[in-house]
Number of protein chains: 2
Amino acid sequence: MKCYLTVLVLLVSLGTALCLAQTDQPTIKEDFKPSTLNQPGQEYPQVNSQGYARFRITAPEAKSVNVSLGGRGGTPLEKTEDGVWMGTTARPEDEGFHYYHLTVDGGTFNDPGTLNFYGSTRWESGIEIPAHDRDFYALKDVPHGRVQQILFPSKSTNTSRRAFVYTPPDYDKDQNRRYPVLYLQHGWGEDETAWSNQGHANLIMDNLIAEGRSQPFLIVMTYGMTNNVRIGGMGNFSIDPFETVLIKELIPYVDANFRTLSDQPHRAMAGLSMGGMETKTITLKNLNIFSHIGLLSGGSISLDDVNNTPGFREKVKLVFVSYGSRELGGNRGGVFGGDPKAEADALKQAGINSVFYVSPDTAHEFLSWRRSLREIAPLLFRE
Amino acid sequence: MKCYLTVLVLLVSLGTALCLAQTDQPTIKEDFKPSTLNQPGQEYPQVNSQGYARFRITAPEAKSVNVSLGGRGGTPLEKTEDGVWMGTTARPEDEGFHYYHLTVDGGTFNDPGTLNFYGSTRWESGIEIPAHDRDFYALKDVPHGRVQQILFPSKSTNTSRRAFVYTPPDYDKDQNRRYPVLYLQHGWGEDETAWSNQGHANLIMDNLIAEGRSQPFLIVMTYGMTNNVRIGGMGNFSIDPFETVLIKELIPYVDANFRTLSDQPHRAMAGLSMGGMETKTITLKNLNIFSHIGLLSGGSISLDDVNNTPGFREKVKLVFVSYGSRELGGNRGGVFGGDPKAEADALKQAGINSVFYVSPDTAHEFLSWRRSLREIAPLLFRE
């Protein structure tokens, strides 16, 4: 009981401190600029150099407008004289991309100022807190690859399914050259648009290739929760329908329609969160198909996994595991499975090419995964 | 004065008739189904077999919720017992695609049930009233081309600019084959995503090619209001910046990076609305570059235009002009310039390959333009 009381006192103290900080706001710099993810011409939301976000919503007759960003409870906006609602997060947000939405009079809506991104099984508002290292995913004056939407036939699901294929800058220059392929999966509640839209996978690769830090390869991104889980919870999820689409339909289609190197040494799979768990399950069952494995905030591979998977040591050329630093603190609430660092070290000591990466000061969010792609890409398909 | 009075009486009579129809609603069939443009798993908005649209918005504390669709004043929703707002349009909507938005307590928001489409210089909600001829833009079990996002360097605007390129199904099968190119423009307030997203240009071409009705060609779609007009009105629009990007930067990039037939006989330009006006201006100035011209709800070409443009008769192989039938009625309020049918006939009589198409029962909306693409595609690049 005493323990609970202490916690309560601590929480109240913290609450007071935060309230004071919010009331005084002595530290908030008035250098707010429109978020880079705003719709054309939209001035709000804005972000300042410290990572505070400021919102402005027009809804003259509304009773309440709340923004889901800004910690538990979000950021309540206050009505100004002209019927416009405004508010600033009580704390700086982590660098990078964040999903959010509005609650207007009890209804869930998107911020009309921003572009939308598919997450949480719906198109949500997005905001970008400029990261100090954002240069690596910036649109630069370098040769650009393409992001191609393909519609591939899927007998197992009786439809044409969509995927996006990144082809590197020189893909169409030399018609005789063939390329390795990375199959790259989104997370739960996201879809095949995530890695290009909020992930900037194409720009990350364009920049790495321009700097000579990665060899060029294709990236294929498709929807990974094949049995229609995006419309509901995780309860009915099964890996089998997606594994069938990926192994029996998508990979053969890509190999038939793009100039790929279609052997196991030149095929990788990686994914974030749910997509990492899918990657682990599918690659360990199909080591004749994949040689490089990447799990981004989505579990890790233990020595037990290795020992229980015949051929692992011979066939797997890379195990890459990453997390955002905020996923690893304290009780590691964000980690799937065992201690990922310890497991990565154990693999390394067992002679497996195991790489563990931690994205500084980020959580279970896209800046962790943008950085993870930057880290894994140069490690793939090294001869 | 008498005339005005008659009109007034007529309007009042019509108003009464509509009100009665709305109140009684004897004819609304209860066979509503979710719109095909809903977000995954969303049940509303719905559409019935007559073209009525029904909306359902959760906003328990709101004072008013209005849908912009449904004629002047839109469709006011009514609050049901459980805090949910519902309403049905007072009349059937035209077949095809419509933009709309919500007004919730005086604020403009999108319907959280639908996908968003860029129009009116913002991402808007979209709804699809199933057209009786929707088969021609349906996703079918035929070979599919790709929609490729390219980022091309633009010195004149000092950035990399985005375009989408449709490549036909067999583009990568025969590496020696080269293809003609159609440059296809969106309308005012839209952008380079419109023709693929709400226009289904890729599916229309896939289906035409599968039926042997059109020869395969590339379609290139980029943003046409280059000097940043999308953030405001038309006041500061100038064709020059876009013409520079198109002629000096995009076309050379496409010809260098895709297997195109890069001569004048194999290059067409078409556009809808504002994009039609751009097409007319740019093609008439650049007849050494374009041989086929398409104006979709975006003006027409007169015999005066022909006579004032040296070389027109020799260089232009097709003038295609189209409108939705609802744009042509009465005072032709939706038509840009002179009588398009008369002008098309005059060109034909003068020996020019002039084709005039009217989309039945559609207005200045995307079903007119989907059909127009279906009509013009088979006429392009006939040897």
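About the cut-offs
- For every chain, the first residue of its written sequence is number 1, and the numbers climb from 1 along that sequence.
- A letter from A marks each chain and a number from 1 marks each ligand, given out in the order of writing.
- Local features in this predicted model are restricted to residues whose pLDDT is 70 or higher, and side-chain atom pairs enter the listing and the counts only when it is 80 or higher, whereas totals over whole chains, interfaces and linings include all residues.
- With hydrogens and water excluded, all non-hydrogen atoms of the structure serve as input to the side-chain values.
- Helix numbers and strand numbers start at the N terminus; a helix is a DSSP run of H or I with at least 4 residues, a strand a run of E with at least 2.
- Accessibility here uses a 1.4 Å probe with only protein chains present; expressed as a share of the type maximum, an area under 20% marks a residue as buried, one over 50% as exposed, and anything in between as partly exposed.
- The contact rule is simple, with two residues in contact once any of their heavy atoms fall within 4.5 Å.
- Here the open area of atoms and residues is found with the Shrake-Rupley method and a 1.4 Å probe, where only the protein chains shown may cover a residue.
- Nitrogen and oxygen atoms within 3.5 Å of one another constitute a polar contact, given that in protein one can donate a hydrogen and the other can accept it, and given that sequence-neighbouring residues count only through two side-chain atoms.
- The superposition of copies rests on a least-squares fit of C-alpha positions from residues with pLDDT of 70 or more in both.
- To pair, rings of Phe, Tyr and Trp, with the six-membered ring standing in for Trp, must have centres within 6.5 Å; the planes then decide the type, stacked if under 30 degrees apart, edge-to-face if over 60, and tilted in the middle.
- Our definition puts a charge over a ring when NZ of Lys or CZ of Arg is within 6 Å of the ring centre and also within 35 degrees of the ring normal.
- Here, a strand pair is defined by DSSP locating no fewer than two bridges between the strands.
- Axes, fitted as lines to C-alpha atoms, cover a helix only where it is in contact. Angles between the N-to-C directions of the axes lie from 0 to 180 degrees.
- The labels follow the angle: roughly parallel below 35 degrees, roughly antiparallel above 145, roughly perpendicular from 65 to 115, and oblique for the rest.
- It is the rotation of the near helix from the far one that decides the hand of a crossing: anticlockwise by less than a right angle makes it left-handed, clockwise makes it right-handed.
- Two parts placed together each lose some accessible area under a 1.4 Å probe, and adding up what both lose gives the buried area.
- Any carboxyl oxygen of Asp or Glu that lies within 4 Å of a side-chain nitrogen of Lys or Arg is treated as forming a salt bridge with it.
- Expected helix span is computed as 1.5 Å times (number of residues minus one).
- By definition, a residue's bend is the angle between the axes fitted to the seven residues ending there and the seven starting there.

### Remarks on the overall build of chain A
Tallying secondary structure elements over chain A gives 10 helices and 20 strands in all. Taking all 383 residues of chain A together, 56% fall into the buried category. For chain A, the share of sequence-separated contacts (at least 6 apart) that also reach a separation of at least 24 residues comes to 68%. In the form shown here, chain A has an accessible surface area of approximately 16000 Å², with 52% of it arising from carbon and sulfur atoms.

### Considering the side chain of serine 196 of chain B
Residue and element names in this part refer to chain B. Relative to the elements of secondary structure, serine 196 occurs in helix H2 (residues 194-197). The class for serine 196 is buried, based on a relative accessible area of 14%. Once you skip the residues sitting within four places of it in the chain, serine 196 turns out to touch Val147, Ala201, Asn202 and Met221.

### Some details on the environment of histidine 98 of chain A
Residue and element names in this part refer to chain A. Tracing the sequence through the fold places histidine 98 in strand S8 (residues 96-100). Sequence separation between histidine 98 and phenylalanine 117 is 19 residues, and the spatial gap between their C-alpha atoms is 9.8 Å. Within the local environment of histidine 98, its side chain forms a polar contact with the backbone oxygen of aspartate 94, the two atoms lying 2.7 Å apart.

### Quick look at the relation of the copies chain A and chain B
Here chain A sits on chain B after a turn of 180 degrees about the axis and a move of 0.0 Å along it, with an RMSD of 0.0 Å. Taken together, the rotation angle and the small translation identify this as a two-fold axis. Taking the C-alpha atom as reference, chain A places glutamine 148 of chain A closest to the rotation axis, 2.0 Å from it. When the interface residues of chain A are mapped onto chain B, 100% of them again fall at the interface, so both copies present the same face.

### Concerning the packing of aromatic side chains
A complete count under the given rule lists 27 aromatic pairs over all chains for this structure. Where phenylalanine 366 of chain A meets tryptophan 369 of chain A, the ring centres are 5.1 Å apart and the plane angle is 80 degrees; that geometry is what we call edge-to-face. With phenylalanine 366 of chain A and tryptophan 369 of chain A both in helix H10 (residues 366-376), this residue pair falls 3 residues apart, about one helical turn. An identical accessibility class is assigned to phenylalanine 366 of chain A and tryptophan 369 of chain A; each is buried. Ring geometry for phenylalanine 136 of chain B against tyrosine 137 of chain B: centres 4.9 Å apart, planes inclined by 85 degrees, an arrangement best described as edge-to-face. Among the aromatic side chains, those forming a connected cluster through ring pairs are Phe97, Tyr99, Phe117, Trp195, Phe366 and Trp369 of chain A. Against the face of tyrosine 137 of chain A rests arginine 370 of chain A, its NZ or CZ located 4.4 Å from the ring centre. One residue, arginine 374 of chain B, lies across the ring of phenylalanine 136 of chain B, its end atom 4.4 Å from the ring centre.

### Some points on the pairing of strand S13 (residues 146-154) of chain A
When you tally the buried positions in S13 of chain A, you get 8 out of 9 residues, the bulk of the element. The sheet contact formed by S13 of chain A and strand S14 (residues 159-167) of chain A spans 9 bridges and is antiparallel. If you follow glutamine 148 of chain A over to S14 of chain A, its bridge partner there is valine 165 of chain A. By the bridge criterion, 3 bridges tie S13 of chain A to strand S13 (residues 146-154) of chain B in an arrangement that is antiparallel. Considered in S13 of chain B, the bridge of valine 147 of chain A is made with glutamine 149 of chain B.

### Here we look at the packing of helix H4 (residues 239-257) of chain B against helix H5 (residues 274-285) of chain B
Residue and element names in this part refer to chain B. As a packed pair, H4 and H5 sit with axes 11 Å apart at the nearest point and diverge in direction by 60 degrees. With respect to H5, the element H4 is oriented oblique. Crossing of H4 against H5: the hand is right-handed. In this structure, H4 contributes Ile239, Asp240, Phe242, Glu243, Leu246 and Ile247 to the contact, and H5 contributes Glu278, Thr281, Ile282 and Lys285.

### Considerations on the environment of leucine 115 of chain A
Locating leucine 115 of chain A in the fold gives a position in the loop between strand S10 (107-109) and strand S11 (116-119). We classify leucine 115 of chain A as partly exposed; its relative accessible area is 25%. Separated by 78 residues in sequence, leucine 115 of chain A and leucine 37 of chain A have C-alpha atoms that sit 5.9 Å apart. Each residue touching leucine 115 of chain A, except ones within four places of it in the same chain, is listed here: Leu37, Asn38, Gln39, Glu124, Ser125 and Gly126 of chain A together with Trp123 of chain B.

### So, the interface of chain A and chain B
Contact with chain A, which involves 48 residues of that partner, is made by 48 residues of chain B. Carbon and sulfur atoms supply 51% of the area buried between chain A and chain B, which totals about 3800 Å² over both sides. At the boundary of chain A and chain B, one finds 2 salt bridges. Of the charged contacts, one joins glutamate 61 of chain A and lysine 63 of chain B as a salt bridge, the two residues approaching to 3.9 Å between their closest N and O atoms. Across the chain A-chain B interface, the total number found is 15 residue pairs in polar contact (both at pLDDT 80 or more). Top contributing element to the side of chain A that touches chain B by residue count: S13 of chain A, with 6 residues.

### Structural notes on the sheet that holds strand S1 (residues 33-34) of chain B
Strand pairing within a sheet occurs via backbone hydrogen bonds; the two strands may be parallel or antiparallel. All names here are of chain B. Spatial ordering of the open sheet is given by S1-S2-S3-S7-S6, a layout of 5 strands whose pairing is antiparallel. Every other strand in the sheet has two partners, leaving S1 and strand S6 (78-79) as the edge strands with one partner each. Across 5 bridges, strand S3 (residues 53-58) lies against strand S7 (residues 84-88) in antiparallel orientation. Within S7, the position partnered with phenylalanine 55 by the bridge is glycine 87.

### What about helix H4 (residues 239-257) of chain A?
Residues and elements named next belong to chain A. Given a rise of 1.5 Å per residue, 19 residues ought to cover 27 Å, and the 26 Å separating the end C-alpha atoms of H4 matches this to within 8%. At leucine 250, H4 shows its largest kink, close to 35 degrees, and the proline proline 252 lies no more than four residues downstream. Of the residues making up H4, those classed as buried are Ile239, Phe242, Glu243, Val245, Leu246, Ile247, Glu249, Leu250, Ile251, Tyr253, Val254 and Asn257. One side-chain oxygen of the residue at the start of H4 lies 3.2 Å from the amide nitrogen of aspartate 240, identifying that residue as serine 238.

### Concerning the sheet that holds strand S4 (residues 65-67) of chain B
All names here are of chain B. An order of S5-S4-S9-S10 is seen for the 4 strands of this open sheet, with the pairing classed as antiparallel. Two strands in the sheet have a free side with no partner beyond their single neighbour: strand S5 (75-76) and strand S10 (107-109). Here strand S9 (residues 102-104) runs beside S10; their pairing, made up of 3 bridges, is antiparallel. Note that in S10 the partner of leucine 102 across the bridge is phenylalanine 109.

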